[in-house]
Amino acid sequence: MHSKKQTAVKYYVGIDVGSASVRAALVDELGTVVAHAEQPIQIWEPQADHYEQSSADIWAACCSVTKQVVCGVDVSQIRGVGFDATCSLVVVDKQFQPLAVNCEGQNHRNVIMWMDHRAVSQVERINATQHRVLNYVGGVMSVEMQPPKLLWIKENLQESWEKAGYFFDLPDFLSWKATGVTARSLCTVVCKWTYTSDRGWDDTFWKMIGLEDLVKDKYEKIGNHVLSPGEAVGRGLTPEAAKDLGLPEGIAVAASLIDAHAGGLGVIGADVKGHNLPCENQPITSRLAMICGTSSCHMGVSESPIFVPGVWGPYFSAMVPGLWLNEGGQSATGKLV
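Just so we're clear, the structure is a prediction, and the values are computed from it rather than from any experiment.

*Asks:* Before we go on, may I ask you to explain helix H1 (residues 55-70) in this structure?
*Replies:* Two residues of an α-helix separated by three or four positions point the same way, owing to the 3.6 residues in each turn. Here H1 is 16 residues long and its end C-alpha atoms lie 23 Å apart, about the 22 Å a rise of 1.5 Å per residue gives. You can read the cap of H1 off the contacts: a side-chain oxygen lies 3.3 Å from the backbone nitrogen of alanine 56, and it is on serine 54. Count one or two residues on from H1 and you reach glycine 72, which has phi positive near 100 degrees.

Okay, here's the thing in structure tokens:
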């Protein structure tokens, strides 16, 4: 008898950071979820409409759940890792150390959560400018987007603003933490920061709203290197990150995604053959994904750019080629993986 040579199974790790917990899943090359784990993360509410987290606490939870899901498998067969997360704002100094986003000066609380509404005054002033970039976010900007939060920090936390070296969307902070590369994902900067895939940043917008500082440093603080979602970031896991996560050094790290968009991509792109579903022989444009969590949204894909008005408060989303439609029915020119 001749023994058949068995090919080792390849694995991939997905890490999802939600509002209240971090989840990780180990998935094999056939798309089967082999293991999953979850760990809560802390939320501070120092006053009404202020919601804060700690990037150190979030990263520690990422490391814990990842180590749990890879326990028992040959880690040399893990080929890549990817992150998705809520659109929260992470603030660090020039040495990448956390900076306070609160009046108490608590540096470990360096994340303004997506659902934080402290910047109401700032977003009203931004919307009053009627700047052309607002056309890419449905005509008006949400208080949950990043420019009003940046303006709030400049106007209320001068010390943190002056010391700040980088402002990250949480998904991009995680890919930086894993690789040491400050590249941003097209998904995050388009949907929450007013970046466009064809023109990039608009200098006149940032100057008009009083954040000309960002233009002067050539957008180093908010990102001047943008990658498509899923594109490899740098040279993969750094030795330090690999040790933290319990993964092999150098494995590929994918450019991140917003959590709801990752969910939409996973549901809409799922292989449904053999399940006797109505959409089995239909194009993916016939599918609608409902993503549920602390917030909920619908997501879909269209063959041509469209604008869909929000129907569920600030929690309606869709993705289309050449156009992202994000929370609040806000649209932004982007790119779909």
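*Asks:* Honestly, the packing of aromatic side chains in this entry has me stumped. Any pointers?
*Replies:* What characterises a pair of aromatic rings is the spacing of the ring centres plus the angle enclosed by the ring planes. Evaluated as defined, the whole model comprises 12 aromatic pairs. Judged by centre distance (4.5 Å) and plane angle (10 degrees), the ring pair of phenylalanine 96 and tyrosine 166 falls under stacked. Here phenylalanine 96, found in the loop between strand S6 (89-93) and strand S7 (111-112), pairs with tyrosine 166, found in strand S8 (residues 164-169); they are 70 residues apart in sequence, far enough to count as distant. By relative accessible area, phenylalanine 96 is classed as partly exposed at 23%. Measuring from ring centre to ring centre gives 5.8 Å for tryptophan 201 and tryptophan 206, while their planes differ by 75 degrees; the resulting arrangement is edge-to-face. Relative accessible area serves as the criterion here: at 12%, tryptophan 201 is assigned to the buried category. Classification of tryptophan 206 by relative accessible area gives buried; the value is 0%. Put simply, the rings of Phe96, Tyr166, Phe168, Phe173 and Trp176 pair up and form one aromatic cluster.

*Asks:* What's the story with the pattern of salt bridges in this structure? I'm lost.
*Replies:* Side chains that differ in sign of charge can pair as their charged atoms come close. In the structure shown here, the tally under the stated rule is 10 salt bridges. Close ionic contact of arginine 23 with aspartate 16 constitutes a salt bridge, the shortest N to O distance being 2.7 Å. Since its relative accessible area comes to 30%, arginine 23 is described here as partly exposed. Several salt bridges share partner residues, and in doing so they unite Glu52, Glu104, Arg109, Asp116 and Arg118 into one network.

Calculation criteria
Residues numbered from 1 in each chain as written. Predicted model: local features only at pLDDT ≥ 70, side-chain atom pairs only at ≥ 80, totals over all residues. Heavy atoms only, no water. Helix = DSSP H or I, 4+ residues; strand = E, 2+ residues; numbered from the N terminus. Expected span 1.5 Å × (residues − 1). Polar contact = N/O pair within 3.5 Å; in protein donor to acceptor, adjacent residues only side chain to side chain. Phe/Tyr/Trp six-rings, centres within 6.5 Å; stacked < 30°, edge-to-face > 60°. Buried < 20%, exposed > 50% of the residue type's maximum accessible area, 1.4 Å probe, protein only. Salt bridge = Lys/Arg side-chain N within 4 Å of Asp/Glu carboxyl O.

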